[in-house]
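The primary structure of each chain is shown beneath.
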Amino acid sequence: MRPLPGLNLQVAPLARLPVAIGAIAFLFLGVFLVYPLWCVLSASVLTADGSALTLQNYAKVLSRTYYRASILNSLTIGALASLSTTLIALPLAIGIARLEIRGKLVLIGLAALPLILPSFVGAYALLLLFGRSGVITQALNAWGIPFGSIYGTPGIVFVYTMTLYPYVLLPTVAALKAVDRSVEEAAESLGSTPARTFRTVTLPLVAPSVLSGTLLVLIETLENFGVPAVLAEDKTILAVEAYKLFIGETATNPAAAAVLGSLLIALTALILLIQRRYIAGRRFATGARRVPPPIKLTAPWHILATLYCWGVVLLALVPFFAILTLSFLEFRGPVLHRAFSLGNYAELFSTARGPLANTLILASLAAGLAGLIGIPVGWVLARTRSSLTSVLDVVSTLPFAIAGTVLAIGLVIAFNSGGLVLTGGWLIIVIAYTVRKLPFTVRASSAIVHQLDPALEEASVSLGVPPLVTFLRLTVPLMLGGIVSGLVLTWVTLASELSSTVVLYSGPWRTLTVVMFQALEGTGAGVAVAAASLLIGIALIPVLIAYRLLRANELSML
Amino acid sequence: MSSIAIEGARRSFASVLAVRDVTLKIEDGEFFTLLGPSGCGKTTLLRLIAGFAELEAGRISFGDTRIDTLPPHRRNIGMVFQNYAIFPNLTVAGNIAYGLKARNVPRADVSRRVEEALALVRLTGLGERWPHQLSGGQLQRVAIARALVIRPEVLLLDEPLSNLDARLRVDMRGEIRQLQQRLGITTVYVTHDQEEALAVSQRIAVMEAGRIEQLGSPEDVYRRPASLFVARFMGTTNVLVGVVAARQGAHMDVRIGTTTVSLQAPHDMRGGDRLNLCVRPEALRILGIGEGTKDGEIALAATIASCEFIGPLIRLDLTLSDGSPLKLAMLDRPLHPAAAGDRVSVAFGVDRVSIFPQAAP
Ligand SMILES: Nc1ncnc2c1ncn2[C@@H]1O[C@H](COP(=O)(O)OP(=O)(O)OP(=O)(O)O)[C@@H](O)[C@H]1O
Ligand SMILES: [Mg+2]
């Protein structure tokens, strides 16, 4: 350890590797996350020629009821969806954690699935089933039964509830299982009835976990693009309007898009801040020494509970099964015929072989890159404590709160001209994907490292193996199981990414999700359904293969 | 092998000074122990030597070579961790070979040296086992073999026995000491167990709040503690309160309760000073009826409060005439029937008394 030339500063021998990793991560996130976001913010507060600061853009956008409504709509839908998600998931969590439901293991596996199934596909399925010309709508109409509209708020909230409930369910189940039985026994020994104990002791203990899941749902709903893009119709939604203003079929208006984008960032970042500062840290780690015994219910109640649990979980999967079924039926234009056919797939493979390959290539590259950066960063966060690592922690969590559309808009503004031009190519999509998934790989990796005894690495170093080699030869092999499952999950969710792709793709780099998105407006419903089924397959098959490596709590970090 | 010189080593964590300006020299081939209560900075000092914690001030050398500027993997140390830190993804042989491979030792030599190391810790034939197939004591031996096989300059052990049961701990400490003597390797051993420290060490540094309170041989720190803290930490001790009645030259009269005794005076004691006098329970003996004190002995009158038989020892709780308690321990002797309520005379040699200024209550 020589003093650096010209600097009276000694770099700690052990700290060199974390510092190097941190530097690379800061560089990457600085250039591809912070700078683009900065571009969005500055575009929103600069005059058109960029010469002066102004609040004109905000004034203009906010003076239009159309855009004010989009903010209000986004928040209303977000609030309704978070509420309904929590109300659905809480009883389900209690059932899974505390009742003897038949087939519980399968149930919890199935309950985690919506996290990897594209919500966009779920919305699309709903449209095909209950839309104006949907299969079920038409059948109902044929029998003379009127059917209301699923467009707008009801459909969107329904899809969010069915695809996001695991965000509340999984942490709540974990929290319920971590409640120490003796705390409940203490309450009962003091004369509390079991029901009262549950209300006054157990629920308060798990409340922070529930609430923190609820807030994550709220963030997801605010930044989601695919679901409102399919179901909103004339309802304005923040993330969609920002996209329209930026890509616009008529006149584009980047400044106004930046205003909506900045507002969206402000909202989601604020919620993430609340979630991390006030709620996530408040989880009561009671660490169950004795897991509470199952609650005994009378037979009718037990049957009811079983039906409820299985009902919710299966209902959430129905749209996906429906899509799979529909994909084998014959479409003529947008119209469905009840005849078995492989025509959709034939058409998909003849017209969309490129997009399929693109999806696989882009997702693989990005998953690899997210792993390459995220795994070492997770190790640093788990192993070193300093003010710099807390900043790294915050910055690497930030993408979670950034809507894909907004990040993509930022990337376009930032790398459309100047020294580094990326727009129009594949690299910018890979970068957007990597940035978006980094919070997951980082958190997955640090969770694994936390379970590894740091003395193992010290033992290796004390035997003469340098830190970097120790990391590669000892730490990475020990993390391998977790790394593989984390990367599979990353890959799977990237294959169905829409919100940033839709802004960033260019001619040769369309993905399957873009094909589906375009089919919504055109006539290619058959291709879209086949593509959606393929996406479901892409999501399910690796997960089923890697099932033994996966744990539900990893899914909850997605 | 080499000596270790630590000069003015300092290390703090946030507001805690974990190691404050420690200076000491550990001789070539010495078995040296860092002993002290939890949180006194033993581990931190050991990790400073290993390089896992960094010095804020001071320097550390092995022999004539300054090493605190080297990263840990270049210091050539062997380290044994409290929880063994055996790599779970490698076999026993793989664990032991790990450091050799890092040094690019030729293949043939690796397997030979692994075999030798296994033999050294009496694990011959277990090389192909996986760590989860070994008992705690065997894992401990693998950890030692892994640290020794690289022929380190110094061997560092941080509470290596604390995860073992009491019996095994006694066996293993003997084994470690024998191995160390055979190899003559400079060893720094961290423990909070004073009996373990006394049993294996050539010298002991008793630490408290980041400082070295006393450095000396096991006999020194036990019999001639340098402070009240050391006296109390090294085992049960009686702490009597006395007042210096008068001082004449090298002697002083000290009043303990109602008795006045003459003692050697530490140079800074003056008339009226209050003292703590420490004397170990086993240094006390009960005088037989009519038996007088020997030369250099002091006698105090006491009443037996209770009596405890614990096999090899009999422990008595006594009360002095001023009400203060006194503990006495003696080997089990059937001839000394003592019963609660008996009034007895208790004698001890003045050379067994350690005198300190009275600590703040
Ligand atoms: N990484 C750290 N961060 C903050 N404080 C620390 C750290 N390591 C040690 N300390 C503090 O430094 C002091 C000395 O700790 P150290 O681990 O050296 O004690 P020890 O003597 O080994 O104790 P024990 O017998 O319990 O292992 C303690 O007050 C401890 O809380
Ligand atoms: Mg320690």
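Computed from a predicted model, the values in this text were never measured in an experiment.

**Focus: the interface of chain A and chain B**
Working step 1: The partner chain B presents 24 residues to the 20 residues of chain A that form the contact.
Working step 2: Applying the counting criterion to the chain A and chain B interface returns one salt bridge.
Working step 3: One salt bridge in this structure joins B:Arg47 and A:Glu458, with 2.6 Å as the shortest N-O distance.
Working step 4: For the interface between chain A and chain B, the tally reads four residue pairs in polar contact (both at pLDDT 80 or more).
Working step 5: Elements with a minimum of two residues in the side of chain A that touches chain B: helix H19 (454–462) and helix H20 (467–495) of chain A.
Working step 6: At seven residues, the largest contribution of residues to the side of chain A that touches chain B is made by H19(A).

**Remarks on the domain arrangement of chain B**
All names here are of chain B.
Working step 1: Segmentation of chain B into domains returns domain 1 (4–233) and domain 2 (238–357).
Working step 2: Between domain 1 and domain 2, roughly 690 Å² of surface is buried when both sides are summed, and carbon and sulfur atoms account for 52% of that area.
Working step 3: By the criterion of area lost to domain 2, the three top residues of domain 1 are Tyr222, Leu228 and Ala231, representing 63% of everything that side buries.
Working step 4: Run the count over domain 1 and domain 2 and you get zero salt bridges.
Working step 5: Our count for the domain 1 to domain 2 interface comes out at three residue pairs in polar contact (both at pLDDT 80 or more).

**Structural notes on the nonpolar core**
All names here are of chain A.
Working step 1: The biggest cluster of nonpolar side chains holds 178 residues, and the ones touching the most others in it are Tyr124, Leu169, Leu231, Ile323, Leu411 and Met516.
Working step 2: Tallying contributions element by element places helix H7 (residues 153–178) first for this core, with 14 residues.
Working step 3: In terms of domain composition, this core takes at least three residues from each of domain 1 (1–31 + 354–558) and domain 2 (80–232 + 288–326).
Working step 4: Apart from residues no more than four positions distant in its own chain, Leu231 is found in contact with Ala123, Leu126, Leu127, Ile150, Tyr151, Gly152, Gly155, Ile156 and Val159.

**A look at the packing of aromatic side chains**
Note on aromatic pairs: each is described by the distance of the centres and the angle between the planes.
Working step 1: Per the stated rule, a full pass over the model turns up 13 aromatic pairs over all chains.
Working step 2: Between A:Phe32 and A:Phe415, the ring centres sit 5.4 Å apart and the planes meet at 50 degrees, which makes this aromatic pair tilted. Taken together, the residues span a long stretch of sequence, with A:Phe32 in helix H1 (residues 16–45) and A:Phe415 in the loop between helix H17 (404–414) and helix H18 (427–450) at a distance of 383 residues.
Working step 3: Overall, the relative accessible area of 12% leaves A:Phe32 in the buried class.
Working step 4: You can call A:Phe415 buried: its relative accessible area is 3%.
Working step 5: When the centroid spacing of 5.0 Å and the interplanar angle of 55 degrees are considered together, the rings of A:Trp379 and A:Phe471 count as tilted. Pair noted here: A:Trp379 is in helix H15 (residues 353–383) and A:Phe471 is in helix H20, with a separation of 92 residues, a long-range link. In this structure, A:Trp379 and A:Phe471 share a single accessibility class: buried.
Working step 6: Chaining the aromatic ring pairs together yields one cluster made of A:Phe28, A:Phe32, A:Tyr35 and A:Phe415.
Working step 7: One cation-aromatic arrangement involves B:Arg146 over B:Phe87; the distance from NZ or CZ to the ring centre is 4.6 Å.
Working step 8: Against the face of B:Tyr222 rests B:Arg280, its NZ or CZ located 4.1 Å from the ring centre.

**Some details on the site of ligand 1**
Residue and element names in this part refer to chain B.
Working step 1: The immediate surroundings of ligand 1 are formed by Phe13, Val16, Ala18, Pro37, Ser38, Gly39, Cys40, Gly41, Lys42, Thr43, Thr44 and Glu159.
Working step 2: Between ligand 1 and Thr44, the relevant distance is 2.5 Å, taken from an oxygen atom to a side-chain nitrogen or oxygen of the residue.
Working step 3: Measuring from an oxygen atom of ligand 1, one finds a side-chain N or O atom of Glu159 at 3.3 Å.
Working step 4: Relative to its free-state accessible area of 630 Å², ligand 1 is covered by the protein chains to the extent of 59%.
Working step 5: Broken down by secondary-structure element, the contributors of at least two residues to the shell around ligand 1 are strand E2 (16–26) and helix H1 (42–50).
Working step 6: The class makeup of the residues in the shell around ligand 1 is five nonpolar, five polar and two charged.

**Structural notes on the packing of H7(A) against helix H13 (residues 299–326) of chain A**
Residue and element names in this part refer to chain A.
Working step 1: Running from N to C, H7 and H13 point in directions that differ by 115 degrees, and their axes come no closer than 9 Å. Taken together, H7 and H13 sit at an angle that is classed as roughly perpendicular. Considering how the two elements wind past one another, H7 and H13 form a crossing that is left-handed. Listed contacts from H13 to Phe158, Met162, Thr163 and Tyr165 of H7 are Val312, Val313, Leu315, Ala316 and Phe320.
Working step 2: Of the residues that constitute the contact of H7 with H13, the class distribution is eight nonpolar, one polar and no charged.

Parameters and conventions
Sequence positions are assigned chain by chain, starting from 1 and proceeding in written order. Here chains are named by letter from A upward and ligands by number from 1 upward, in the order in which they appear as written. Only residues with pLDDT of 70 or above have their local features reported here, since the model is predicted, and side-chain atom pairs are shown and tallied only from 80 upward, although totals for entire chains, interfaces and linings are computed over all residues. The basis for the side-chain values is all heavy atoms of the structure; hydrogens and waters are excluded. Throughout, a residue-residue contact means that at least one pair of heavy atoms, one from each residue, lies within 4.5 Å. Just to be clear on terms, a salt bridge is a Lys or Arg side-chain nitrogen sitting within 4 Å of an Asp or Glu carboxyl oxygen. Polar contacts, as used here, are pairs of N or O atoms within 3.5 Å; protein pairs need one atom able to donate a hydrogen and one able to accept it. Residues neighboring in sequence count only if both atoms are side-chain atoms. In this text, helices come from DSSP runs of H or I with a minimum length of four residues, and strands from runs of E with a minimum of two, each type numbered from the N-terminal end. Throughout, the edges of the domains are those of an automatic or database domain assignment. Each of two parts loses accessible area, computed with a 1.4 Å probe, when they are put together; buried area is these two losses added. We define a nonpolar core as any set of buried Ala, Val, Leu, Ile, Met, Phe, Trp, Tyr and Cys residues linked to one another through side-chain atoms lying within 4.5 Å. Only protein chains enter the area calculation, which uses a 1.4 Å probe; residues under 20% of their type maximum are buried, those over 50% are exposed, and those in between are partly exposed. Two rings belonging to Phe, Tyr or Trp (six-membered ring only in the last case) form a pair when the distance between their centres is within 6.5 Å. Interplanar angles under 30 degrees mark stacking, angles over 60 mark edge-to-face geometry, and anything in between is tilted. Should the NZ of a Lys or the CZ of an Arg lie within 6 Å of a ring centre and within 35 degrees of the ring normal, that charge is described as sitting over the ring. One heavy atom within 4 Å of a molecule or strand is enough for the residue carrying it to be called near that molecule or strand. Surface exposure here means Shrake-Rupley accessible area, sampled with a 1.4 Å probe, where a residue is shielded only by the protein chains that are shown. Each residue gets one label: Ala, Val, Leu, Ile, Met, Phe, Trp, Tyr, Cys and Pro are nonpolar, Asp, Glu, Lys and Arg are charged, and the others, such as Gly, are polar. Axis lines are fitted to C-alpha atoms, over the contacting stretch for helices. Their N-to-C directions set the angle, which ranges from 0 to 180 degrees. Comment on the angle field: the value is read as roughly parallel under 35 degrees, roughly antiparallel over 145, roughly perpendicular from 65 to 115, and oblique elsewhere. Handedness of each helix crossing follows the sense of rotation of the near helix against the far helix: counterclockwise by less than a right angle gives left-handed, clockwise gives right-handed.

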